[in-house]
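# Structure assessment
Next come the chains, spelled out residue by residue.
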Amino acid sequence: MGIQERRERERAAVRKQIVDAAEMIAADKGWDAVTIRAVAGAIEYSPALIYEYFANKDEILLDLMRQGFGRLHVELVRVVDAAETPAAAVEGIGFAYWEFALASPTLYQLMHDLRGVPFGTNETPPEALACFKDLHAPIGRLMAEAGNNEASDSEAQTDLYWAFLHGLVSLTMNQRIKGGPERASTLVRRLTHDFIQSCIGPAHCIENSQ
């Protein structure tokens, strides 16, 4: 291993320590507790050293947000690849999204609450864009295979699915769903089922109900 490569690995390792420390602090005390000084103290480095890697706290949070979407992307790809039909893939990504959010609530909140990060533009973080594509692809296939005349509008349908899932996650995290996560998980199943039916189209819904 050359000197340059070793230095790059060492810098990557320190960056990971910094970001991991920020996530740990947030999970324990909330995002407001994440400061350069707090992160430095957690990994026993000086604040000056942290600034050699990140210009400010917002850069640390942006890096962590991108990592969050990267982790979600891995889970969604795994589910889609294992699904035998588009409907199974759409159902699977709904459950995977839900499970990811509840398993990593602090990280999930950062992924969707960080201000100043545009979505739906050329500046959208690539990891977030990858997650949208993970949702969009099986939805588009489901609509097309069902002969849905609105298949060309699958992007809008994907926006709705994301909105439905995020809304249920947010309400559950804020204790706004009667019965808490246990009952909410049954609502996720109903949500995915009803959404799949909406992708298939009214005519197919009637046929399936007969």
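The numbers attached to residues start from 1 for each chain and follow its sequence in the written order. With the structure being a predicted model, the display of local features is reserved for residues of pLDDT at least 70 and the display and counting of side-chain atom pairs for 80 or more, all residues being used for whole-chain, interface and lining totals. By convention in this description, side-chain values take in all heavy atoms of the structure and omit both hydrogens and water.

## A word on the overall build of the protein
From N to C terminus, the protein includes ten helices and zero strands. Starting at the N terminus, helices and strands are each numbered in turn, a helix being any DSSP run of H or I of at least four residues and a strand any DSSP run of E of at least two. Helices and strands in the protein line up, N terminus first, as α-α-α-α-α-α-α-α-α-α. Its C-alpha atoms give the protein principal-axis dimensions of about 70 × 45 × 30 Å. In this description, contact between two residues means that some pair of their heavy atoms is separated by no more than 4.5 Å. In the protein, once contacts between residues fewer than 6 apart in sequence are set aside, the share between residues at least 24 apart is 65%. Surface summary for the protein: the accessible area is close to 12,100 Å², and the carbon and sulfur share equals 51%. Charged side chains in the protein number 20 positive and 29 negative. The centres of these two groups are separated by 7 Å. Each accessible area value is a Shrake-Rupley result obtained with a 1.4 Å probe; residue values ignore everything except the protein chains displayed when judging cover. Here Asp and Glu are counted as negative and Lys and Arg as positive; His is not counted, and neither are the chain ends. Charge positions are represented by NZ for Lys, CZ for Arg, CG for Asp and CD for Glu.

## Some remarks on the environment of His 136
On the secondary structure map, His 136 appears in helix H7 (residues 126-145). With relative accessibility at 25%, the residue His 136 sits in the partly exposed group. Every residue in contact with His 136, bar those within four places of it in the chain, is listed here: Ser 154, Glu 155 and Thr 158. Looking at His 136, its side chain comes within polar contact range of the side chain of Ser 154, at 2.8 Å. Each residue is placed in one exposure class: buried if its accessible area under a 1.4 Å probe, protein chains only, is under 20% of its type's maximum, exposed if it is over 50%, and partly exposed if it falls in between. Definition of a polar contact: a pair of N or O atoms within 3.5 Å, with one able to donate and the other able to accept a hydrogen when the atoms are protein atoms, and with sequence-neighbouring residues admitted only if both atoms are side-chain atoms.

## Quick look at the confidence of the model for the protein
pLDDT measures the predictor's confidence residue by residue and takes values from 0 up to 100. This prediction gives the protein a mean pLDDT of 91; 93% of its residues lie at or above 70. Summarising per-element confidence for the protein, the mean pLDDT is lowest in helix H10 (residues 202-209) (42) and highest in helix H5 (residues 86-103) (98). A low-confidence stretch, residues 203-210 stays under pLDDT 50, and its non-local contacts, those more than four residues away or across chains, total four contacts.

## Some words on the packing of aromatic side chains
Any two of the Phe, Tyr and Trp rings considered here, Trp counted by its six-membered ring, make a pair once their centres fall within 6.5 Å; the pair's planes then place it as stacked at under 30 degrees, edge-to-face at over 60, or tilted in between. Evaluated as defined, the whole model comprises four aromatic pairs. With centroids separated by 5.8 Å and ring planes inclined at 90°, the aromatic side chains of Tyr 97 and Tyr 108 adopt a geometry described as edge-to-face. A residue pair is termed long-range when its members are at least 10 positions apart, and Tyr 97 in helix H5 and Tyr 108 in helix H6 (residues 105-113) qualify at eleven residues.

## Focus: H7
In this analysis, the expected span of each helix is defined as 1.5 Å times one less than the number of residues it contains. With 20 residues, H7 extends 28 Å from end C-alpha to end C-alpha; this agrees with the ideal 28 Å at 1.5 Å per step. Along H7, the residues classified as buried are Ala 128, Ala 130, Cys 131, Phe 132, Asp 134, Leu 135, Pro 138, Ile 139, Gly 140, Leu 142 and Met 143. Where the residues of H7 are buried, they touch helix H4 (57-82), H5, helix H8 (154-173) and helix H9 (180-200). Two residues or fewer past H7, Gly 147 is found with a positive phi of approximately 75°.

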